[in-house]
Amino acid sequence: MQDEKVSEHFGNVLIIGLGMIGGSFAKALKNKGVATMFGADRRDAELTLGISTGVIDYAAQLDQETIAQMDVIVLATPVRAMASVLKEIHAFIRPDTLITDVGSTKGSVVEAAKKVFGYAPANFIPGHPIAGAEKSGVLAANPHLFERHMAIVTPLPESDPVLLDRLYKLWEAVGSDVVGMDVEHHDHVLASSSHLPHLLAYTLVDTLANSEKSQDVFKFAAGGFRDFTRIASSDPVMWRDVFLANKEATLATLDLFTDRLSFMRQVIVEGDGASMFGVFSRAKSARDHFLRLLEQRTLGGQSEVKPVSISLSSVNAVKGAVSLTGDKSLSHRVVILAALSCGVSTIDNLDLTGNVKVTVQALRDMGVVIDDIGLNQVRVHGVGLKGLKAPIAPINVHSSLTSLYLLLPVLAGQEFEVSVTADEVLLNRPISSLLAILSSMGATVETAAADCLPVTIKSRVPKALDIALAQFSRRLSSSAMLACLFSPGESQVILANDDGEIDVEILKAFGFNVKLEGKRFKSAPSTLHSTDLMLPADVNKTALLLAFACLCPGSDLSIENALTGENIGSLLPFLGKQGADIRYEKDANGKLPQGRVRARFSQLKNFELLPENTTRLRESLPIVCVLAAFTKGTSKIYGVRSLAYYYEDRIMTMLDGLRHMGVKVTFENDVVYIEGGHPVSGNNLDSAGDYHIALAMLALGIRSREPCVVHDCQKLLEEFTELESVMVALGLQCDVAR
């Protein structure tokens, strides 16, 4: 795809210095066919090799005749040699010839140009590719060296915009991702990210080589030593020049490192394991962040999505007892509260798949130590309510709406400036109601247009909350409750719905002083304390299996760790009202409302779902539609148009699936009519990649008169990782085709 971007010829390009970088740049341009390549080097042997190996077209001399013909001149010599090269050629350079370089310091190069020319020429624009290897010489030339690597362009105020544009295109032609940066900032950034690591590697190897035990040190050194010291094999001449040229920025970075090294020495002296572990954990998180960025650049930020289909044979009964992975929504909430607690919490049955990983990674990026200690089990080292550390980059919630809603109030309660962004799917989604909660907390927030991401929390003046939520949203309710954690006084939130029971139970489990009176949530300032929790089963997975049992004659299903409670999981109360044979008993020893749920086949009654209940059941509406297809009579669902567009779209897709299976469905005057009680038949359903729709379509297919295949189920398997094993345990024939 990169070749398609190359649309112009750059004319005659002269590379002065046919080392590994200069040679790679020349060979890349030559292979692309976008320039006639000339090379100059003080070593005649390198020029001869450059021509014989196809790196350049012609060897060149730095005389008037040659220089006057060049359209682009690239200085690829050591940085301390650039002044003498410029002095040799400056009188012959045309004003419209682009002059650039590939040096890793920019301030010294700019000063050299000013010294030679007497000013900063408009056609002199420095540059620096962030790529390289330990090899040197023209034989190390690699035409792919710059592909999917950064190239930094450092224009000066005097730079010619036309030539600057040409420089961008020149680097893009060899596959680089080009960014602009001012000279001083470049030198400080590179002093930290490139120059200091080389200095440390050289110094470490030299120290060990001169120690009394040097022979044994090198004899028994393993891969870690090799990896850390790899860059000490780089060209010593080049790096000597780099440190001399970038002296001030390198010293500033070295002073910071020396301070941290002294701190770590003292930590070891005192045996302070906690401080040591904190430094190591934050460092690991920072490096993991770097590796993710590097992977995105290397892979182009894209990954192949392979289609997944699930075939399900029609069955007569669902029998057995299963325990399910913890509720995904609760997993987000519990790991956040554990991170904000004082002490160490152990969380069992945590769902670490899908978007929960986004929340976990965000907490790790802010210094929280989260150890994986077993299957779906973590140990969280809490840092206290305001103990999070500023992340090294904006928090990216990717496509996780739950992470966004739960993390923003937590970030608004911290003491550092922080930005939050997301993948494209969430960037254009207004979050006005969520931002209103942050404002009520006393946070000053900057957003993109129309109250969309990215968001930057600039400052805070903590305030007690007293708000009433108009929007019927569990995420928003949870966000408001989390905001109360940081209130300096008593707070209250009037919820738009009465399903806040589970959030209150979780907050109480961590010692927060809260109570719920109907829709009125009240809290008083208190400290969160660590606890050990076993999470109950995911409500969406529970709903699917209960629907299976209710629909199939002869079924007898037990879910051993289901989430229970009067206002928890709206589908259970709904099924009870429709005549489902569902019984549950609460575990008296659990810290959260959970217990055993047993379901058997039952003939359900048709129903009318009024707008308030439609809103309450919005997450479960696809399965509700399936249940309606197997009742006797016509069921009605009111108020679909009043739902958020994504819920409405989900219902429309589900209704299309019902029609495909022969169910009579109409939708008029904002009322869905589903005529049930008739046999369904069909063998292909498309879930449109939606987790909830895929769950419901599997439930629909289980009573089909013929085997049914549900397509586009990759999201379902990402979220319901134990689906295949659960199906087997319940005697269902389920085949996954990837």
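These lines cover the structure that appears in this document, whether it is placed above or below. (Residues numbered from 1 in each chain as written. Predicted model: local features only at pLDDT ≥ 70, side-chain atom pairs only at ≥ 80, totals over all residues. Heavy atoms only, no water.)

Remarks on the overall build of the protein chain
Piece 1. Secondary structure assignment for the protein chain yields 28 helices and 32 strands.
Piece 2. Considering the protein chain as a whole, with its 738 residues, one finds that 50% of them fall into the buried category.
Piece 3. Taking the intrachain contacts of the protein chain between residues at least 6 apart in sequence as the baseline, contacts between residues at least 24 apart amount to 75%.
Piece 4. Carbon and sulfur atoms make up 51% of the accessible area of the protein chain, which totals about 32800 Å².
Piece 5. On the protein chain, the mean spot of the 70 positive side-chain charges and the mean spot of the 84 negative ones are 5 Å from each other. (Helix = DSSP H or I, 4+ residues; strand = E, 2+ residues; numbered from the N terminus. Buried < 20%, exposed > 50% of the residue type's maximum accessible area, 1.4 Å probe, protein only. Contact = heavy atoms within 4.5 Å. Areas by Shrake-Rupley, 256 points an atom, 1.4 Å probe, with all protein chains shown as cover. Lys, Arg positive; Asp, Glu negative; His and termini not counted. Charge placed at Lys NZ, Arg CZ, Asp CG, Glu CD.)

A few points about the sheet that holds strand β5 (residues 98–101)
Piece 1. Strand order in the open sheet formed by five strands is β3-β2-β1-β4-β5, and the pairing between neighbours is parallel. In this open sheet, the two edge strands, each paired with only one partner strand, are β3 (58–59) and β5.
Piece 2. Where strand β4 (residues 72–75) lies against β5, four bridges are found, and the strand directions are parallel. Its bridge partner lying in β5, L75 is registered against D101.
Piece 3. This element, helix α5 (residues 82–89), spans β1 (12–16), β4 and β5 of the sheet and lies at about 150° to β4. (Pairing = 2+ DSSP bridges. Axes fitted to C-alpha atoms, helices over the stretch in contact; angles between N-to-C directions.)

Quick word on unusual backbone geometry
Peptide bonds are trans in most cases, and residues, glycine excluded, mostly fall at negative phi.
Piece 1. Of note, the bond from L453 into P454 is cis; its omega dihedral lies within 30 degrees of zero at 0°.
Piece 2. By secondary structure assignment, the location of P454 is in strand β17 (residues 452–460).

A short note on helix α6 (residues 107–117)
Piece 1. Residues of α6 that are buried include every one of V109, V110, A112, A113, V116 and F117, and no others. Along the long axis of α6, the arc covered by the buried residues comes to 160°, so they all point the same way.
Piece 2. Residues of α6 that are buried sit in contact with α5, β5 and α8 (183–209).
Piece 3. G118 sits one or two positions beyond α6 and adopts a positive phi of about 85°. (Arc of directions from axis to C-beta.)

A look at the packing of helix α25 (residues 645–660) against helix α26 (residues 691–701)
Piece 1. Across the interface, α25 lies against α26 with an axial gap of 10 Å and an inter-helix angle of 25°. Classified by the angle their axes make, α25 and α26 are roughly parallel. Crossing hand, α25 versus α26: right-handed. Across the interface between the two elements, R650, T653, M654, G657 and L658 from α25 touch H692, I693, A696, M697 and L700 from α26.
Piece 2. Grouping the amino acids of the contact of α25 with α26 by side-chain chemistry returns six nonpolar, three polar and one charged. (Parallel < 35°, antiparallel > 145°, perpendicular 65-115°, else oblique. Left-handed = near helix turned anticlockwise from the far one by under 90°. Nonpolar A, V, L, I, M, F, W, Y, C, P; charged D, E, K, R; others polar.)

Looking at the nonpolar core
Piece 1. Counting residues in hydrophobic clusters, the biggest one holds 78 residues, and the most contacted among them are F548, I674, L698 and L716.
Piece 2. In contact with L716, other than residues within four places in its own chain, are I310, Y691, A694, L695, L698 and L723. (Core = buried A, V, L, I, M, F, W, Y, C linked by side-chain atoms within 4.5 Å.)

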